[in-house]
Amino acid sequence: MARAGLSAERVVVAAAELADEAGFEQVTLSALARRFGVRDASLYSHVRNLEDLRTRLALYAGGELIDRIAAAVAGRAGKNALAAFAGAYRGYALEHPGRYAATQIRIDQSLIAGSPAMLRTARITYGMLRGYGLDEPDLTDAVRLLRSTFHGYCALESAGGFGADRDVQVSWDKAIEALHLALTHWPRETKSDD
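Thresholds, definitions, all that
Residues numbered from 1 in each chain as written. Predicted model: local features only at pLDDT ≥ 70, side-chain atom pairs only at ≥ 80, totals over all residues. Heavy atoms only, no water. Buried < 20%, exposed > 50% of the residue type's maximum accessible area, 1.4 Å probe, protein only. Helix = DSSP H or I, 4+ residues; strand = E, 2+ residues; numbered from the N terminus. Contact = heavy atoms within 4.5 Å. Salt bridge = Lys/Arg side-chain N within 4 Å of Asp/Glu carboxyl O. Phe/Tyr/Trp six-rings, centres within 6.5 Å; stacked < 30°, edge-to-face > 60°. Core = buried A, V, L, I, M, F, W, Y, C linked by side-chain atoms within 4.5 Å. Lys, Arg positive; Asp, Glu negative; His and termini not counted. Polar contact = N/O pair within 3.5 Å; in protein donor to acceptor, adjacent residues only side chain to side chain. Expected span 1.5 Å × (residues − 1).

1. Details of helix α2 (residues 29–36)
So, step 1. Among all positions in α2, only L29, A31, L32, A33 and F36 are buried.
So, step 2. Of the surrounding elements, those touching the buried residues of α2 are α1 (8–22), α3 (40–43) and α4 (50–73).
So, step 3. Looking one or two residues past α2, G37 carries a phi angle of roughly 70 degrees, positive in sign.

In structure tokens form, the structure reads like this:
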């Protein structure tokens with residue numbers, strides 16, 4: 001029987017808060033049980049195991065992230081959409097480091113395929129990139145470029161990895177300008193006539 005007041009949603013929200021406070025790797029069933037003042041076994045009515053908890057946390061955080069991005073890019077196109085998308089991404093990563101770390105874990109593809117948040121992420125991201133005239137397979141390549149650039153920048157910034165005497169925001173703005181130019185002049189894959 002589930003403990004009164006506990007639910008899968010409450011457990012995931014508490015995991016998100018713990019991730020931001022202590023780091024994603026510190027999210028364990030034992031840590032959450034202590035937070036709720038229950039035994040570890042009480043949580044198994046709501047999540048199967050640690051992997052299930054972390055997957056739920058990743059999907060929850062991914063939903064929060066895409067909600068922020070969607071609000072930022074609404075009504076925008078081209079460079080303005082790219083800058084808004086990037087800014088929302090970076091803001092979330094810096095404000096919610098543990099939740100953001102959860103979004104970077106590898107999740108079973110069958111779970112992603114059925115996730116409304118992940119489907120919305122693909123729709124919004126690909127929609128923005130189609131504004132640059134991209135189609136597959138170039139869309140996939142462009143998504144990989146954006147994700148690796150945004151993630152790398154955020155990871156370095158949050159770790160204090162930018163030591164040069166240069167405003168980090170100025171460098172970020174230059175990076176977005178460079179991405180805009182790269183997307184505008186994308187080396188499109190040509191189809192062979194074989």
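2. Remarks on the pattern of salt bridges
So, step 1. In this structure the tally under the stated criterion is 10 salt bridges.
So, step 2. What emerges from the salt-bridge pattern is a single network uniting D20, E64 and R99.

3. Here's the deal with the packing of aromatic side chains
So, step 1. Counted according to the given criterion, the structure contains 6 aromatic pairs.
So, step 2. Taking the centre distance of 5.9 Å and the plane angle of 45 degrees together, the rings of F150 and W172 count as tilted. Of this pair, F150 sits in helix α9 (residues 138–158) while W172 sits in helix α10 (residues 168–184), placing them 22 residues apart in sequence.
So, step 3. Residue classification places F150 among the buried residues on the basis of a relative accessible area of 1%.
So, step 4. Geometrically, the ring pair formed by Y153 and F162 is tilted, given 4.7 Å between the ring centres and 45 degrees between the ring planes.
So, step 5. F162 gets classed as partly exposed once you look at its relative accessible area, which sits at 33%.

4. Quick notes on the nonpolar core
So, step 1. The biggest cluster of nonpolar side chains holds 33 residues, and the ones touching the most others in it are I69, L82, L129, L134, L146, F150 and L183.
So, step 2. Residue assignment for this core shows that the elements contributing at least two residues are α4, α5 (78–95), α8 (116–130), α9 and α10.
So, step 3. Here this core takes 9 residues from α5, the largest share from any one element.
So, step 4. Formed by 22 residues, the second largest nonpolar core is a distinct cluster that contains A14, A19, V27 and A58.

5. Details of the side chain of D138
So, step 1. Within the fold, D138 resides in helix α9.
So, step 2. Among buried Asp, Glu, Lys and Arg side chains, D138 stands out as unpaired, with R188 the closest opposite charge at 5.3 Å.
So, step 3. There is a polar contact of 3.3 Å between the side chain of D138 and the side chain of W186.
So, step 4. Sequence-distant contacts of D138, that is, excluding residues within four places in its chain, are made with W186, P187, R188 and E189.

6. Description of the environment of A101
So, step 1. Among the secondary structure elements, A101 is positioned in helix α6 (residues 97–103).
So, step 2. A relative accessible area of 29% means that A101 is categorised as partly exposed.
So, step 3. As a C-alpha pair, A101 and F24 span 77 residues in sequence and 6.2 Å in three-dimensional space.

7. Examining α8
For an α-helix the count is 3.6 residues per turn, leaving residues at separations of three or four pointing the same way.
So, step 1. The terminal C-alpha atoms of α8 lie 21 Å apart, and with 15 residues this matches the ideal 21 Å at 1.5 Å per residue to within 8%.
So, step 2. For α8, the complete set of buried residues consists of A117, M118, I124, T125, Y126, M128 and L129.
So, step 3. On its buried face, α8 sits against α4, α5, α7 (109–113), α9 and α10.

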